[in-house]
Amino acid sequence: MGYIEMGKQYVMNTYNRYPITLVKGKGALVYDEQGNEYLDFVAGIAVNNLGHCHPSVVAAIKKQAEDMIHCSNLYWNMPQVELARLLVENSFGDKVFFCNSGAEANEAAIKLARKYSKKKYGEHKYGIITMQQSFHGRTLGSLTATGQTKYQAGFEPLIEGFKYVPFNDYEALKDAIDENTCAVMLEPIQGEGGIYEADPDYLQKVRRLCDEKGLLLIFDEVQCGMGRTGKLFAYQHYGVQPDIMTLAKAIAGGLPLGAMVATDEVASGFKPGDHASTFGGNPVSCAAGVAVMKELLGGVIDNAREVGEHLKSRLLQLRESHPVIVDVRGKGLMLGIQMAMPDVTAIINGAMEKGLLVLSAGHSVVRMVPPLVITKDDANKAVDILEQVLTEMGV
Ligand SMILES: *Cc1c(COP(=O)(O)O)cnc(C)c1O
């Protein structure tokens, strides 16, 4: 039996998988079992920001694995402290809580927002407003925060105290606030929902509104953080700072790690025992995270900005000969190509056959989230393949 048949027999059926088994990666390239090469513009869904098997990440993992793999948060470990320091020194934040995934980072943010607000204002302060088309994860709390019924269906009852408003609609947000509201949570650039950017003016007004009403502002930068948009964190494009920010995906170069960053004031809402994670801040993941931060700040973010602008302008040019392309959205190397078709699966399959991996965001958007280390040549190659696919489809 091949691995795909075995997978169908033994692995629970929760993913729609493409029929290839990937065995090796190097930089922006991955290889399947048959030795076919693909240019990887999925990057593990915005995870492998330094590309596959980046030498500094590999070296950091090897070294830490030989020194210590796990020790529990009953004790301090050096990579965890070092990564927290790097995150704090390069963001609005003062304190970091580590966990293992984006969903868990958002659970932590929901819990901290409630704990802090109840302590400060009373038991009635627990409501959280999130955005329609948002994505915050699959655990019950983060799933409730996710403003898409398609992910929630069948799992009710959900968590109490959540409301959803249209993204970039200031009046709708203002109207949704009531005496229970304690926080507003949003992705500065929505990822899974279709690559929608927050308007700068909207985000600035939301910040002012939160200050006036005593609400916490939570930014989910699980996908748009870690250099993805051409700045270390997406909020840095906007001149607006959150009170809490969540990170995961790319933070540890492909190892599981999540983080919640908060100001000292808000972080004071948690005292020892209020929240915890057995593996959170694991030494190997954090050692990889330290290597990632050093590479990102050492020039990779600048490359993401430059190559991202080039890729976006080439995609916009492509629109002239292929009117099926309605719009190209996003910043840096977090780009969404809005297509005038209900489903982009045929485009994704066509690109895969020609050696380019891309994915969807929503149903009608082709998403490109390549490693941040790609060259302009890589970007050109991807655009050329996409062009061939659209031409062959006659769209
Ligand atoms: C992927 C994602 C999550 C969930 O992360 P997991 O690690 O899969 O739990 C949360 N928020 C955003 C914005 C994401 O893109």
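A quick note: this is a predicted structure, and the numbers were derived from the prediction, not measured.

Asks: Tell me about the sheet that holds strand 13 (residues 325–331), and please be specific about residues and values.
Replies: Read across the sheet, four strands follow the order 13-14-17-16 without closing on themselves; strand pairing throughout is antiparallel. The sheet is open, and its two borders are formed by strand 13 and strand 16 (359–361), each paired with just one other strand. Strand-to-strand twist in this sheet, taken as the mean axis angle between neighbours without regard to direction, amounts to 30°. Summarising the sheet, strand 14 (residues 334–339) and strand 17 (residues 365–368) pair through four bridges and their orientation is antiparallel. Each bridged residue has a counterpart across the sheet, and for glutamine 338 the counterpart in strand 17 is valine 365.

Asks: Talk me through the UniProt feature "modified residue: N6-(pyridoxal phosphate)lysine" (unreviewed entry) in the protein chain; I want residue IDs and the actual numbers.
Replies: UniProt's feature table lists "modified residue: N6-(pyridoxal phosphate)lysine" (unreviewed entry) at Lys249, given in the numbering used throughout. Within the secondary structure layout, lysine 249 lies in the loop between strand 11 (244–247) and strand 12 (258–262). In this structure lysine 249 comes out as partly exposed when scored by relative accessible area, which is 22%. In this view, lysine 249 contacts Ile45, Ala46, Val47, Glu192, Val222, Gln223 and Leu257; residues no more than four positions away in its chain are not counted.

Asks: Describe the pairing of strand 2 (residues 29–32), with residues and values.
Replies: Residues Val30 and Asp32 point to one face of strand 2 and are all buried, whereas Leu29 and Tyr31, pointing to the other face, are not buried. Alignment of strand 1 (residues 22–26) against strand 2, held across four bridges, turns out to be antiparallel. Residue lysine 26 lies in a different strand from strand 2, and its bridge partner there is leucine 29. Bridge count for strand 2 against strand 3 (residues 37–40) is three bridges, and the pairing is antiparallel. The residue bridging leucine 29 from the neighbouring strand is leucine 39, located in strand 3. Joining the antiparallel neighbours strand 2 and strand 3 is a turn of four residues, in which glycine 35 adopts a positive phi near 90°.

Asks: Give me the lowdown on the sheet that holds strand 12, citing residues and values where you can.
Replies: In spatial order, the strands read 4-12-11-10-7-5-6; together these seven strands make up an open sheet with mixed pairing. Of all strands in the sheet, those with a lone pairing partner are strand 4 (95–99) and strand 6 (162–165), marking the two edges. Recorded for the sheet is a direction-independent mean angle of 20° between the axes of neighbouring strands. Pairing analysis gives three bridges linking strand 10 (residues 216–220) to strand 11, with the strands arranged parallel. When the sheet's bridge partners are listed, aspartate 220 is paired in strand 11 with threonine 246.

Asks: Can you break down the packing of aromatic side chains residue by residue, with the values?
Replies: Tallied over the full model, the rule gives four aromatic pairs. An angle of 80° between the planes, with centres 5.6 Å apart, marks the rings of phenylalanine 92 and tyrosine 235 as edge-to-face. Taken as a pair, phenylalanine 92 in the loop between helix 4 (78–89) and strand 4 and tyrosine 235 in the loop between strand 10 and strand 11 lie far apart in primary sequence, 143 residues in all. Taking the centre distance of 6.0 Å and the plane angle of 5° together, the rings of phenylalanine 233 and tyrosine 235 count as stacked. When sorted by exposure, phenylalanine 233 lands in the same class as tyrosine 235, which is buried. Site record: aromatic cluster; members linked through ring pairs are Phe92, Phe233 and Tyr235.

The rules behind each value
Residues numbered from 1 in each chain as written. Predicted model: local features only at pLDDT ≥ 70, side-chain atom pairs only at ≥ 80, totals over all residues. Heavy atoms only, no water. Pairing = 2+ DSSP bridges. Helix = DSSP H or I, 4+ residues; strand = E, 2+ residues; numbered from the N terminus. Axes fitted to C-alpha atoms, helices over the stretch in contact; angles between N-to-C directions. UniProt positions renumbered as here; feature names shortened; annotations may be inferred. Buried < 20%, exposed > 50% of the residue type's maximum accessible area, 1.4 Å probe, protein only. Contact = heavy atoms within 4.5 Å. Phe/Tyr/Trp six-rings, centres within 6.5 Å; stacked < 30°, edge-to-face > 60°.

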